[in-house]
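Examining the three-dimensional arrangement
So the chains spell out like this:
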Amino acid sequence: MQLLEERIIKDGKVFSGNVLKVDSFLNHQIDVELLDKMGEEIKNLFNGVNITKVLTIEASGIGVGCMVANHFKCPLLFAKKSKTLNIKGDVYTSKVESFTHQCTYDIIVSKDFLKENDTVLIVDDFLAKGNALIGLIDIVNQAGAKLAGCAIAIEKGYQGGGDKLRAQGVRVESMAIIDEMDDTTGNIVFRK
Ligand code: 5GP
């Protein structure tokens with residue numbers, strides 16, 4: 001998506017450790033208009049698929065997830081990163097290795113909100129090694145729900161998670177795929 005690529009070039013900052021900071025428009029301060037356009041693009045890509053639930057992971061997936069869910073006119077459901085007092089009763093859980101924090105944490109989704117008759121679109125802000133998506137897919141499978149695919153704002157293609165999932169038959173659509181990123185020059189190369 002050209003608009004997103006242009007914005008990444010304009011406002012994205014490349015940090016060491018393969019981290020791209022886009023917190024001026026994607027996951028801290030949010031450019032609602034840009035995210036709404038991504039929601040529209042994702043809706044067009046999955047047009048004709050009866051998505052009943054958009055699933056993401058807190059906290060940075062919630063912004064883009066809301067905009068996508070609004071276009072599908074379905075609820076956004078986000079996996080929580082730790083058990084809170086708000087969640088009572090049965091939950092689906094999975095373990096995720098965090099790319100940004102280099103630790104493993106549990107994700108939790110209440111069984112009340114994900115059922116076997118759901119068709120789920122997983123959404124996230126970033127895709128790197130694919131661990132967050134693998135945890136979310138595990139939860140969809142535990143629920144016996146149908147996975148329509150995954151829609152991502154920014155995929156760092158060179159970290160391999162997206163292509164690994166595609167090779168396993170998972171539909172992964174990314175609004176921008178970065179194939180090279182250099183933290184010394186700040187140079188970013190997008191997949192054509
Ligand atoms: P993965 O599990 O695919 O390795 O990493 C995806 C998760 O890590 C996303 O949920 C995202 O929040 C975070 N993440 C991965 N790479 C980056 C990055 O370059 N910048 C930011 N801001 N978050 C990232």
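Please refer to the structure placed before this passage.
Attention here is on the structure that accompanies the text. (Residues numbered from 1 in each chain as written. Predicted model: local features only at pLDDT ≥ 70, side-chain atom pairs only at ≥ 80, totals over all residues. Heavy atoms only, no water.)

1. A few points about the sheet that holds strand 8 (residues 146-156)
We count it as follows: Only strands that DSSP links by at least two bridges are regarded as paired with each other. Comment: elements are numbered from the N terminus, with helices defined as DSSP H or I runs of at least four residues and strands as E runs of at least two. Every axis in this analysis is a line fitted to C-alpha atoms, fitted for helices over the stretch in contact. Angles between the N-to-C directions lie between 0 and 180 degrees. In this analysis, two residues are considered to be in contact whenever any of their non-hydrogen atoms come within 4.5 Å of each other.
Pairing is mixed in the open sheet, where six strands are placed in the order 4-3-7-8-9-10. Lying at the two open borders of the sheet, with one neighbouring strand each, are strand 4 (76-79) and strand 10 (188-190). When the angles between neighbouring strand axes are averaged without regard to direction, this sheet yields 30°. Looking at chain direction, strand 7 (residues 119-127) and strand 8 are connected through eight bridges and run parallel. Residue pairing across strands places Ile 122 opposite Cys 150, the latter belonging to strand 8. Contacting strand 7, strand 8 and strand 9 (172-181), helix 2 (residues 32-45) runs over the sheet at an angle of about 120° to strand 9. Contacting strand 3 (53-57), strand 4 and strand 7, helix 3 (residues 62-72) runs over the sheet at an angle of about 145° to strand 7.

2. Remarks on the environment of Thr 52
Let me state the cut-off plainly: Here's how the labels work: a residue is buried when its accessible area is under 20% of the maximum for its type, exposed when over 50%, partly exposed in between, all with a 1.4 Å probe on protein chains only. Polar contact is the term for a pair of N or O atoms within 3.5 Å; when the atoms are in protein, one must be able to donate a hydrogen and the other to accept it, and sequence-neighboring residues count only if both atoms are side-chain atoms.
For Thr 52, the location among the structural elements is in the loop between helix 2 and strand 3. A residue is classified by how much of its surface remains accessible, and Thr 52, at 23% relative accessible area, is partly exposed. A sequence separation of 16 residues divides Thr 52 from Val 68, and the C-alpha atoms of the two residues are 12 Å apart. When neighbours within four sequence positions are excluded, Thr 52 is seen to be in contact with Cys 74, Pro 75, Asp 118 and Thr 119. Side-chain polar atoms of Thr 52 contact the side chain of Asp 118, separated by 2.7 Å.

3. Things to note about the packing of aromatic side chains
For clarity, the cut-off: Aromatic rings from Phe, Tyr and Trp, taking only the six-membered ring of Trp, are treated as a pair when their centres fall within 6.5 Å; an angle between ring planes under 30 degrees marks them as stacked, one over 60 as edge-to-face, and anything in between as tilted. The criterion is that NZ of a Lys, or CZ of an Arg, lies within 6 Å of the ring centre and within 35 degrees of the ring normal, and then a charge sits over that ring.
Overall, the coordinates contain zero aromatic pairs when judged by the stated rule. The cationic tip of Arg 171 hangs over the ring face of Phe 46; the distance from NZ or CZ to the ring centre is 3.9 Å.

4. As for the site of the ligand
Applied cut-off: We call a residue near a given molecule or strand whenever any one of its heavy atoms falls within 4 Å of it. Accessible areas in this description were obtained via Shrake-Rupley with a 1.4 Å probe; residue shielding takes into account the shown protein chains only.
Around the ligand, a shell composed of 17 residues is seen, among which Leu 20, Asp 124, Gly 130, Ala 132 and Lys 156 lie nearest. The side chain of Asp 124 places a nitrogen or oxygen atom 2.8 Å from an oxygen atom of the ligand. Measuring from an oxygen atom of the ligand, one finds a backbone N or O atom of Asn 131 at 3.1 Å. Taken by itself the ligand offers 500 Å² of open surface, and the protein chains cover 90% of this.

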